[in-house]
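Given next are the chains, with one letter for each unit.
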Amino acid sequence: MPTFKPMLSILLTYLLLLLIVFLFQRKMIYFPDTYSIEDQQQLADQADLKLWPSADDYRGLVSNTSQPNNKGTVIVFHGNAGSATDRTYYLDALEKQGYRVILAEYPGYAARNGAPSEAALVSDGVQTAKQALNDFGEPVFLWGESIGGGVVSGIVQSGQVPVKGIVLITPFSSMADVAQHHYWFFLAKWLIRDNFDNIKNLQNYSGNAAILIAEADEIIPNKYSLKLFESLHHNKKLWTFKGAGHNTLPLNKELPWWQEVMQFVNGQNWVSP
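This report concerns the structure included in the present document. Because the structure is a prediction, the values reported are computed rather than measured.

This next bit is on the pairing of strand β10 (residues 236-241). In this sheet, β10 lies alongside strand β9 (residues 208-214) in parallel orientation, the contact comprising six bridges. Pairing of I213 across the sheet is with T240, part of β10. Considered for its hand, the β-α-β crossover made up of β9, helix α9 (residues 222-231) and β10 is right-handed.

Below you can see the structure in the form of structure tokens.
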């Protein structure tokens, strides 16, 4: 009987921690940079970018120098930290391959209103893809970086936008898998609110899918990226960056993998693994 009260106290403390994790978990998932629309415009100007489709209600950033005639439009959905302004390396590399690039921005990030969640990001991503299709026509390619892969899979699952190919960098099978790996002691798999179940969302996808993983990924262990890759039933190809971590991928625009990836998702000269 003397040990009952301490054990009850420990249990109640643990349950309180679980409640706190459940209520505030999105603070542990999304790390947006936020600033005013004036600051966003200034940052865009400095990078020779413009707010798209308009400064009044922007959804992303595009280059001021992009050419009207190209191989298609690549919409890039970035990872959970920072903002689209940090991802200009996609413009440098993909415009060089002949593609128009939209650096999509999320609700609650940069100067965009709203709060990030799976439902908000996917719903907004669908509208962004529809806007791109309306403005530029087909083909449309979706590029997802880490959690952005979850946004891409959600857009695909919606069936509202024709997507020719997808590129997923350091993706995961589901957020529940990754959360449980890192926070098993908080029963994360059962508490997660934004599951981003990429396997489920892509189970009926029939386009080309390029999966890129970092060999030494410390945030999304390779087994969860490979679990997603193995679940894909259509044309797929895997790139593994030797020795790279989650945030140390080789991104120089001159590296050959950029061309290889886009040739594959565009259905040109690809080889099935």
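Attention now goes to the side chain of K236. Mapped onto the secondary structure, K236 falls in strand β10. Within the buried core, K236 has no salt-bridge partner, and the shortest N-O distance to an opposite charge, that of E230, equals 4.4 Å. There is a polar contact of 2.9 Å between the side chain of K236 and the backbone oxygen of F229. At 3.0 Å, the side chain of K236 and the backbone oxygen of L232 are in polar contact.

Looking now at the sheet that holds strand β2 (residues 49-52). Within a sheet, each strand pairs with its neighbour through backbone hydrogen bonds, oriented either parallel or antiparallel. With mixed pairing, the eight strands of this open sheet are ordered in space as β2-β3-β6-β4-β7-β8-β9-β10. The outermost strands of the open sheet, each flanked by one partner alone, are β2 and β10. Ignoring which end each strand starts from, the neighbouring axes of this sheet average 20 degrees apart. In this structure, strand β8 (residues 165-169) lies alongside β9, joined through five bridges in parallel fashion. Paired with L168 across the bridge in β9 is I211. Running over the sheet, helix α2 (residues 37-46) touches β2 and β3 (60-63) and is turned about 135 degrees from β2. Strands β2, β3, β4 (73-77), β6 (100-104), β7 (140-145) and β8 of the sheet are contacted by helix α3 (residues 88-96), whose axis makes an angle of about 165 degrees with β6.

Another aspect to go through is the nonpolar core. Residues I75, F77, L142, I166 and L202 are the most contacted members of the largest nonpolar core, which totals 43 residues. Counting residues per element, this core draws most heavily on helix α5 (residues 147-158), which supplies five residues. With sequence-adjacent residues up to four places away left out, I166 is seen in contact with L142, V152, V156, L202, Y205, N208, A209, A210 and V265. L51, V101, L212 and W257 belong to the second largest nonpolar core, which has 34 residues in total.

Next up on the list: the layout of surface pockets. Estimates place the volume of the largest pocket at around 700 Å³. Contributing elements (two or more residues each) for the lining of the largest pocket: α3, α6 (175-182) and α7 (188-191). Of the residues contributing to the lining of the largest pocket, the split by class is 22 nonpolar, nine polar and two charged. Size it by volume and the second largest pocket reaches roughly 200 Å³. Forming the walls of the second largest pocket are L23, F24, R26, K27, Y30, P32, A115, P116, S117 and R193. In terms of residue class, the lining of the second largest pocket is made up of six nonpolar, one polar and three charged.

Here R87 lies in the loop between β5 (81-82) and α3. For R87, a relative accessible area of 8% gives the class buried. Not counting residues up to four positions away in its chain, the partners in contact with R87 are H78, G79, A81, G82, L103 and E145.

Basis of the calculations
- Residues numbered from 1 in each chain as written.
- Predicted model: local features only at pLDDT ≥ 70, side-chain atom pairs only at ≥ 80, totals over all residues.
- Heavy atoms only, no water.
- Pairing = 2+ DSSP bridges.
- Helix = DSSP H or I, 4+ residues; strand = E, 2+ residues; numbered from the N terminus.
- Right-handed = clockwise from strand over helix to strand, strands pointing away.
- Buried < 20%, exposed > 50% of the residue type's maximum accessible area, 1.4 Å probe, protein only.
- Lys, Arg positive; Asp, Glu negative; His and termini not counted.
- Salt bridge = Lys/Arg side-chain N within 4 Å of Asp/Glu carboxyl O.
- Polar contact = N/O pair within 3.5 Å; in protein donor to acceptor, adjacent residues only side chain to side chain.
- Axes fitted to C-alpha atoms, helices over the stretch in contact; angles between N-to-C directions.
- Contact = heavy atoms within 4.5 Å.
- Core = buried A, V, L, I, M, F, W, Y, C linked by side-chain atoms within 4.5 Å.
- 1 Å grid on protein atoms, 1.4 Å probe; cavity = no way out; pocket = protein on both sides within 12 Å on 5 of 7 lines; lining within 4 Å.
- Points joined across faces, edges and corners; volume = space filled by probe spheres on them.
- Nonpolar A, V, L, I, M, F, W, Y, C, P; charged D, E, K, R; others polar.

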